[in-house]
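An overview of the molecular structure
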Amino acid sequence: MMKKKVEMNSFTAMAILSISFILTSGVSINGTLPFIKKSLELTQVKAELLSTIPSITVIIFILLSSSISKKIGMKKTVVIGLLLVCLGGVLPKFISNNYLMIFLGRLLLGAGFGMYNALSVSFINGLYSGRKRSELLGIRNAVEGLGQMVLTLVAGLLITPNWTNAYLIYFLSLPIALFFYRYVPEVVIQTDRKKNPFSLSKPLVFTAIFASSLMMNSIAVAVRFPSLAIELKGETINTSLFLSIMPALGIIAGFLFERVIRLFHFKVIYIALGINILFNLFVYLSDYSFILLLIGLFISSVPVAWILPYIFNHIEQIAKGVDINQSTSVIFIGCNLGVLLSPVMMSLLNGLFHTTDLKFPFLCFVVFYLIVLLVIRLNHDKIEKFMN
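Residues numbered from 1 in each chain as written. Predicted model: local features only at pLDDT ≥ 70, side-chain atom pairs only at ≥ 80, totals over all residues. Heavy atoms only, no water.

**Quick look at the packing of aromatic side chains**
For clarity, the threshold we go by: Paired rings are identified among Phe, Tyr and Trp, the last through its six-membered ring, by centres lying within 6.5 Å, and are further divided according to the angle between planes into stacked (under 30 degrees), edge-to-face (over 60) and tilted (the rest). In DSSP terms, a helix is any run of H or I states spanning at least four residues, a strand is any run of E spanning at least two, and both are numbered starting from the N terminus. Think of it in three bands: with a 1.4 Å probe and only protein chains considered, a residue is buried below 20% of the maximum accessible area for its type, exposed above 50%, and partly exposed in between. Sitting over a ring, as applied to charges here, requires NZ of Lys or CZ of Arg to be within 6 Å of the ring centre and within 35 degrees of the ring normal.
Under the counting rule described, the total for this entry stands at 15 aromatic pairs. Aromatic pair Phe312 and Phe332: ring centres 5.0 Å apart, planes at 25 degrees, arrangement stacked. With Phe312 in helix H16 (residues 302-313) and Phe332 in helix H18 (residues 324-352), the pair connects residues that are 20 residues apart, well separated along the chain. Each member of the pair, Phe312 as well as Phe332, carries the same accessibility label: buried. Taken together, Phe362, Phe365, Phe368 and Tyr369 form an aromatic cluster joined through their ring pairs. When the ring centre of Tyr181 is taken as origin, the NZ or CZ atom of Lys75, which lies over that ring, is 4.6 Å away. Over the aromatic face of Tyr183 sits the side chain of Arg182, whose NZ or CZ is 4.7 Å from the ring centroid.

Following this line, the structure appears as structure tokens:
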């Protein structure tokens, strides 16, 4: 793979990272859903659909973004994506009495995110190498969590005078687009002609499924936490407060990723999976203590903060013979499918084992990741050699 030589300055890395700040803000306006439901007299399903529907267009435009970027350039693709985020994101502020228009706005928002989701990694991989690349990939993941925290808090504050004001947070995409356009150079990644951009290698497919399961598990905790907390503490507990600080340890873990990878190398996967098993176990055992539930919630953001940057840092080894941008897109599609299917999977697990216990799916996750850990351990030498 050859990369076009580009000039960078001290603001380049900051500008690349800035586009990830707003990338996970789709859930930041969840506090408006009860108001939309009441204002438009919607069913619970139609109201909640406004939160999850952007994932559909995210996946579609992740698939399209590689082809679009080849035609108009990676830089313009990111800027157009950010403009779509602004347009779709703020639409409910100005057309708040029309469910269809709000719905279309959320689809546009997802399309914008999908346009540059994978490119947020591709720019780092295209412009940096070595320790700097590992560091930025870890920070990129941390910036996503930080953006989710900050924008959820701001949206919550804006709801008070008028719920439609929460959607003003998406205007932030405009200065981010200008900052990115000003300081980030165009990158042209030329791949070997023998590489098929539409092929899927086995390692890439397995990695995408693994990433999907991790995101599914992480979202499962966030989705199920309010119900579990209310079971333990009653309806007076403010679950939004705990959910708003949920990404905190993941943010810290992201900033520490480069140091962690230097110390532990491939063993970081074992550490992350160990934490993953532990937080699921804590959630499952939370009947014994609300503190266990809180610990499980807070440490649940750490595994993704280490494993995803590790995957992206080794995407060239994982995706041998496959276009790098397309490979990154496949991983992100897996992640978004995990997010989308998380509530469905928990419901299926409860139904499959004929139980109504809300904590039961987390016991299933414990068993699943113990098996994953065992498989990786038995194939340690082969996997480590493949990744190097």
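**A few points about unusual backbone geometry**
Keep in mind that most residues, glycine aside, have a negative phi and that most peptide bonds are trans. In this model, His265 sits at a positive phi of 55 degrees, which is unusual for a non-glycine residue. Looking at the secondary structure, you find His265 in the loop between helix H13 (257-264) and helix H14 (268-284). The backbone of His354 shows a phi angle near 50 degrees, a positive value even though the residue is not glycine.

**Considering the environment of Leu378**
Within the element layout of this structure, Leu378 appears in helix H19 (residues 360-378). Take Leu378: its relative accessible area is 66%, and that puts it in the exposed class.

**Digging into the pattern of salt bridges**
Inclusion rule: By definition here, a salt bridge exists when the distance from a side-chain nitrogen of Lys or Arg to a carboxyl oxygen of Asp or Glu is within 4 Å.
Within this structure, the stated rule accounts for six salt bridges. Between Arg140 and Glu144 there is a salt bridge, with the nearest N and O atoms lying 2.7 Å from each other. In this pair, Arg140 and Glu144 both sit in helix H8 (residues 130-159), four residues apart, roughly one turn of the helix. Grouping residues by exposure puts Arg140 and Glu144 together as buried. Between Asp357 and Lys359 there is a salt bridge; the shortest N-O distance is 3.1 Å. Taking the relative accessible area as the measure of exposure, Asp357 reaches 26% and is therefore partly exposed. Each of Arg131, Glu258 and Arg262 takes part in a single network of salt bridges with overlapping partners.

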